[in-house]
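Observations on the three-dimensional arrangement
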Amino acid sequence: MTILPAGRSQPSAPPLYTIEKTAEAKKGMVVTAHPLASQVGIRILRKGGNAADAAVAVQFALAVVYPRAGNLGGGGFLVHRNEEGLVRTLDFREKAPAAASRDMYLDDRGNVIAGISTAGPAAAGIPGSVAGLAETYRVLGKYKNWQALVKPAIRLARKGFRITALEADRLNRFRPDFLTHNPWPMPFVREKSWQEGDRLRQPELAATLARIARAGASGFYKGPAAAALTNVMSNHGGYITQEDLDAYQAVWRDPVRIEWKEYTLYTMGLPSSGGILLQQILSMIEDQLRPTGGPRDVHNIHLIAEAERRAFADRAKYLGDGDMVQVPMDTLMSAAYARRKMHSFDPEKASRSESIEAAGEAPTREHFETTHASIVDRFGQAAAVTTTLNDNYGCKVWVPGGGYFLNNEMDDFSAKPGVPNIFGLVGGEANAIAPAKRPLSSMTPTVVERDGKLWLVLGTPGGSTIITSVLQVFLNAGPFGLSLEQAVQAPRFHHQCWPDRILSEPDAFEASVQKELQAMGHKLETTAYIGLMEAIGVARDGRFLGVADRRGDDHASGW
Ligand code: DON
């Protein structure tokens, strides 16, 4: 210990990372949840890679430096726009194992058994991320070789990296869960508690990444890495088998395309509910939104909340994996239907969710995690990728010999009609569990054109609030005319029909607005934060502006 002369304070340590919340650049931009991942992406762009290449490298890096959400053991969605403006989406969402069944989380009396769809091996769906990244590179990549995209992550896992204060806090907070679900040593549990700046090494993850670098997706879905996963399953009550891993495939899908005023939004369709709901909400508010009022105007807040209520009612009733259930997309997304849904809208009064649809009561929890990366390159391509383990560190099971956390995405199914999941979302038949089915998601990676030109790339974590956060940032930057920085950093609010309340960040509404909303009959509830938005705007002169959310370690890197 150094004893300093009286009156002199200990010189403070240099900051671990210089976190840039905004960046401006001409050639490329990468915005992610962690400065190291953003830097990995920029390096790939500088060395000739395109946005898809950078997206792959960033996802592998996030699996190392952002273990609560970055992943090999989860799944996600990519929305990609090429230089000609062609937009494709890739679905690498987890699937239910073949042994899954509709009532697998119910007891003999038909009640949901608390906790098994959220923690432990039985909560995990078949991971899709590695298949998704391999497919992204196969179809869209142009980088010299695949190995080079995995290499930065291998290095970070092998040599270790210094953890941020937020990561240290999470690791300490989840230590009891790690101990409960992992009767084996793991790098996240040690004698001492974690502190900012501690080095985290993940040699087993490095070994799995090295296999993926050598063999592509087979390095994960076959051989020793797959055996590590199926061992956990067979010995600890999970369902995923080698046949499930062999059968997993990522799927290219048409984007949801939303024409709205001078904007065209391209976003994710089923099995994400994000695109359909974004379209429904925008359609329901189009005629009555008052752009001059801005985002803090009580009329606009009420209107948006009421449209959200109505869209989420449809989510619960009609939406599920489009490969397995009939979803009346054309009706749900028609202008006539939006008008009909808004017949019951009263500009002076909150509707009651019971009058929209029947449903159960829902609990709420904070701090779930997912992660989004937005990337643009000098070729004119854009990539928006949202991936998740669902909850923080997924089902808390870290695969020994594999080196990664498994998701608890099975909780995104409706375990029983009307019984809410961890996001308070309810569902029914359309989102019931079935073998090889994908659970309904809210992830909404989005690319927006304005007057036909690339204008905005965005996305965020936040469970059900993902959809409404993407909506708000788009409205803020679009019709409300805020700068992109203001648009991203503005406080957010959210309505999901059940529970029947507006959830908001504490500073979202001025006191007078709060009173007016309550007088209209809205219940108000606050939560510490909503979302971690990563956005890139393209200015008229072609320059990129990256904005990373103020709410986390999120970082924008430009080139
Ligand atoms: O797919 C979904 O909608 C959820 N599994 C996402 C979870 C999430 O965003 C948690 N993060 N904050």
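No experiment lies behind these values; they were computed from the predicted model shown.

**Looking at the overall build of the chain**
When you go through the chain residue by residue, the secondary structure sums to 18 helices and 19 strands. Taking 24 Å as the expected radius of gyration for a compact globule of 559 residues, we find that the chain reaches 22 Å, a close match to that expectation. By principal-axis analysis of the C-alpha atoms, the chain measures approximately 60 × 60 × 60 Å. The proportion of buried residues among the 559 residues of the chain is 62%. Here the analysis covers contacts within the chain between residues at least 6 apart in sequence; of these, 72% occur between residues at least 24 apart. Per element, the accessible surface of the chain, about 20600 Å² overall, is 50% carbon and sulfur.

**A few points about the packing of helix α1 (residues 35-46) against helix α2 (residues 51-65)**
Closest axis-to-axis distance for the α1/α2 pair is 8 Å, and the angle between their directions is 155°. Our classification of the angle between α1 and α2 gives roughly antiparallel. Note that α1 runs across α2; the crossing there is right-handed. Contacts between α1 and α2 involve Leu-36, Ala-37, Val-40, Gly-41, Ile-44 and Leu-45 from the first element and Ala-51, Asp-53, Ala-54, Ala-57, Val-58, Ala-61, Leu-62 and Val-65 from the second. Across the contact of α1 with α2, the residue classes tally to 12 nonpolar, 1 polar and 1 charged.

**Considerations on the sheet that holds strand β2 (residues 29-32)**
Taken together, 7 strands build an open sheet; the order of strands is β7-β4-β3-β11-β10-β2-β19 and the sheet is antiparallel. Because the sheet does not close on itself, it has two edges, and the strands there are β7 (251-253) and β19 (555-558). When strand polarity is set aside, the average angle formed by the axes of neighbouring strands in this sheet is 15°. Where strand β10 (residues 371-376) lies against strand β11 (residues 382-388), 6 bridges are found, and the strand directions are antiparallel. Across the sheet, the residue bridging to Val-376 is Ala-382, located in β11. In the packing of α1 onto the sheet, the strands contacted are β2, β10 and β19, and the crossing angle to β2 comes to about 160°.

**Some points on the pattern of salt bridges**
This structure, assessed with the given rule, holds 29 salt bridges. Ionic pairing is found between Asp-103 and Arg-102, a salt bridge with its closest N-O pair at 3.7 Å. Overall, Arg-102 belongs to the partly exposed group, its relative accessible area being 34%. Arg-173 serves as the salt-bridge partner of Asp-169, at 3.3 Å between the closest nitrogen and oxygen. One end of the pair, Asp-169, and the other, Arg-173, are both in helix α5 (residues 165-173), 4 residues apart, so they sit about a helical turn from each other.

**Brief notes about the confidence of the model for the chain**
Averaged over all residues, the pLDDT of the chain equals 95, while 96% of them reach at least 70. Note that residues 1-10 has pLDDT below 50 and, in this model, 4 contacts with residues that lie over four places away or in other chains. Contacts of residues 358-364 to residues separated by more than four positions or lying in other chains number 16 contacts, the stretch itself having pLDDT below 50.

**Description of the site of the ligand**
In the region of the ligand, 16 residues are neighbours, and Thr-370, Glu-409, Asp-412, Ser-441 and Ser-442 sit closest. Within the side chain of Asp-412, one N or O atom sits 2.6 Å away from a nitrogen atom of the ligand. In isolation the ligand offers 340 Å² of accessible surface; the protein chains occlude 98% of this area. Taken together, the residues that form the shell around the ligand break down as 5 nonpolar, 7 polar and 4 charged.

Analysis parameters
Residues numbered from 1 in each chain as written. Predicted model: local features only at pLDDT ≥ 70, side-chain atom pairs only at ≥ 80, totals over all residues. Heavy atoms only, no water. Helix = DSSP H or I, 4+ residues; strand = E, 2+ residues; numbered from the N terminus. Rg over C-alpha atoms; globule rule 2.2 N^0.38 Å. Buried < 20%, exposed > 50% of the residue type's maximum accessible area, 1.4 Å probe, protein only. Contact = heavy atoms within 4.5 Å. Areas by Shrake-Rupley, 256 points an atom, 1.4 Å probe, with all protein chains shown as cover. Axes fitted to C-alpha atoms, helices over the stretch in contact; angles between N-to-C directions. Parallel < 35°, antiparallel > 145°, perpendicular 65-115°, else oblique. Left-handed = near helix turned anticlockwise from the far one by under 90°. Nonpolar A, V, L, I, M, F, W, Y, C, P; charged D, E, K, R; others polar. Pairing = 2+ DSSP bridges. Salt bridge = Lys/Arg side-chain N within 4 Å of Asp/Glu carboxyl O. pLDDT = per-residue confidence, 0-100. Near = heavy atom within 4 Å. Polar contact = N/O pair within 3.5 Å; in protein donor to acceptor, adjacent residues only side chain to side chain.

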